[in-house]
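# Structural description and commentary
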Amino acid sequence: MPENFDEVARALHDDGVRHDADQPDRRLRRRNLGPDAAALLSVVCRAMGARWVVEVGTSNGCSTLWLARAVHDQGGTVLSVDVDGEAQGAAAATLDRVGLRDRVQFRCADGGAVLRGLPDASQDVVLLDAERSLYPRWWPDPVRVLRVGGLLAVDNVLSHPDEVADVRDRIEADPQLESTVARTGAGLLLAVRRGPAG
Ligand SMILES: C[S@@+](CC[C@H](N)C(=O)[O-])C[C@H]1O[C@@H](n2cnc3c(N)ncnc32)[C@H](O)[C@@H]1O
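First, a word on what this report is: a plain description of the structure on this page. As the structure is a computational prediction, the values presented were derived from the model and not from experiment.

Here the focus is the overall build of the protein. The helix and strand inventory of the protein stands at eight helices and seven strands. Relative to the globule expectation of 16 Å for 198 residues, the C-alpha radius of gyration of the protein, 16 Å, shows essentially globular dimensions. Based on the C-alpha atoms only, the size of the protein along its principal axes is roughly 50 × 40 × 30 Å. Taking all 198 residues of the protein together, the buried fraction comes to 39%.

Here it is, written out as C-alpha cells:
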C-alpha cells in the first residue's frame, strides 16, 4: 500500500532542510527544490499534459517525486540525471514508498552529456537544478530538446543571480522563448518554447 504523497514529500523536504543546516560542504547538501516551486512545477506539468520530462539534478529526489506524480496520469516518464548514484538510490526508495518508482528512469551521468544525446524537440519539460556554473556549456541543448510549447525551468535564479546570469541572458535574448520568473522559493525561471509564428 503506497504511503501518502503529501506526508512523504513534506517529510523529505523538512529532513533536507535539517540535513543541509548541519552540512558545511555545499556539495554534500541535498539542496532540494522548495515545496512551493515543486508544487508550481507539478501543476504546470499537469496542465501541459507533460509526458516526457527530463530533470538534471536528482539529489535525493524531492523534485523527482513531484514530477513523477505530475506525469503519472498521462503515463509519462521522468528522466532524472545526476552524477551522484547514491543519492539517486535514495530517491528511488522514496518513489517506491509512494508507488511512483515506475514513472522514473535514473541516469547517473553528466547532465550536459545526457541533454546532448536527446533528440530535437523530444521533451515536454526540462528542469535544470544542478551545478549552475555548468549550464552555459550545455547550451543550446536545454532549448533544442524542447518541443514547441515545451517548458524550460531553471531553479535558483533569485537565490544565486550571478551564477545564472549567463543563461538568463541567453533565455531572455532567445526569440524562441518567452519567460518569466516565479518569485517562489529560490526563484524559478519558467520559459516556454514558442512556435514558428511566435
Ligand atoms: C540542487 S541539487 C538537486 C536537487 C533536486 N532537484 C531536488 O529537488 O531534490 C543539485 C544536484 O546536481 C547534481 N549535479 C552536479 N553536477 C552535475 C552534473 N554535471 N550533471 C548532473 N547532475 C549534477 C549534484 O550531484 C546534486 O545532487
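A word on the nonpolar core. The nonpolar side chains of a soluble globular protein tend to be buried with one another. In this structure, V53 and A153 are the most contacted members of the largest nonpolar core, which totals 48 residues. Here this core takes seven residues from helix α3 (residues 62-72), the largest share from any one element. Excluding anything up to four places from it in sequence, A153 contacts L41, V125, L127, L188, L189 and L190.

Before going further, it helps to spend a moment on the packing of helix α1 (residues 5-21) against α3. Orientation of α1 relative to α3, taken along the N-to-C sense of each, is 160°, at an axis distance of 10 Å. The pairing of α1 with α3 is recorded here as roughly antiparallel in orientation. As α1 runs across α3, the sense of the crossing is left-handed. Mapping the contact onto sequence places F5, A9, L12, H13 and G16 in α1 and C62, L65, W66 and R69 in α3. Of the residues assigned to the contact of α1 with α3, the class counts are six nonpolar, two polar and one charged.

This part takes up the site of the ligand. Lining the immediate surroundings of the ligand are 22 residues, of which L33, S59, C62, S63 and G111 lie closest. Each residue belonging to the shell around the ligand can be placed in one class, and the counts come to eight nonpolar, seven polar and seven charged.

To continue, consider helix α4 (residues 85-97). With 13 residues, α4 extends 19 Å from end C-alpha to end C-alpha; this agrees with the ideal 18 Å at 1.5 Å per step. Residues Q88, A91, T94 and L95 constitute the buried set of α4. Angular distribution of buried residues about the axis of α4 spans 115°; they occupy a single face of the element. Exposed residues pointing more than 90 degrees away from the buried face of α4 are listed as G85, E86 and A93. The inward-facing, buried residues of α4 abut α1, α3, β2 (77-82) and β3 (104-108). At the exit of α4 stands G99, carrying a positive phi of roughly 75°.

Here we take up the environment of V154. Topologically, V154 is positioned in strand β5 (residues 146-155). Sequence separation between V154 and D14 is 140 residues, and the spatial gap between their C-alpha atoms is 22 Å. For V154, the contacting residues outside a window of four places in its chain are L128, V164, V167 and L189.

Let us look at the sheet that holds strand β4 (residues 123-128). Pairing is mixed across the open sheet formed by seven strands, whose spatial order is β3-β2-β1-β4-β5-β7-β6. Lying at the two open borders of the sheet, with one neighbouring strand each, are β3 and β6 (177-182). The average angle at which neighbouring strand axes cross in this sheet is 15°, direction not considered. Bridge analysis of strand β1 (residues 52-56) against β2 gives five bridges, and the strand direction is parallel. Residue pairing for β2: V56 is matched across the bridge by V81. This element, α3, spans β1, β2, β3 and β4 of the sheet and lies at about 165° to β2. On the sheet, α4 packs against β2 and β3 and is oriented at approximately 170° with respect to β3.

The buried count for β5 comes to seven of ten residues, which makes it a mostly enclosed element. Two elements, β4 and β5, share five bridges in a ladder whose sense is parallel. Within β5, the residue paired with L128 across the bridge is V154. Judged from the five bridges that link them, β5 and strand β7 (residues 188-193) form a sheet pairing that is antiparallel. Residue pairing in the sheet places L151 in a bridge with V192 of β7.

The rules behind the values
- Residues numbered from 1 in each chain as written.
- Predicted model: local features only at pLDDT ≥ 70, side-chain atom pairs only at ≥ 80, totals over all residues.
- Helix = DSSP H or I, 4+ residues; strand = E, 2+ residues; numbered from the N terminus.
- Rg over C-alpha atoms; globule rule 2.2 N^0.38 Å.
- Buried ≥ 20, exposed ≤ 12 C-beta atoms within 10 Å, placed from the backbone.
- Core = buried A, V, L, I, M, F, W, Y, C linked by C-beta atoms within 7 Å.
- Contact = placed C-beta atoms within 7 Å.
- Axes fitted to C-alpha atoms, helices over the stretch in contact; angles between N-to-C directions.
- Parallel < 35°, antiparallel > 145°, perpendicular 65-115°, else oblique.
- Left-handed = near helix turned anticlockwise from the far one by under 90°.
- Nonpolar A, V, L, I, M, F, W, Y, C, P; charged D, E, K, R; others polar.
- Near = placed C-beta within 6 Å.
- Expected span 1.5 Å × (residues − 1).
- Arc of directions from axis to C-beta.
- Pairing = 2+ DSSP bridges.

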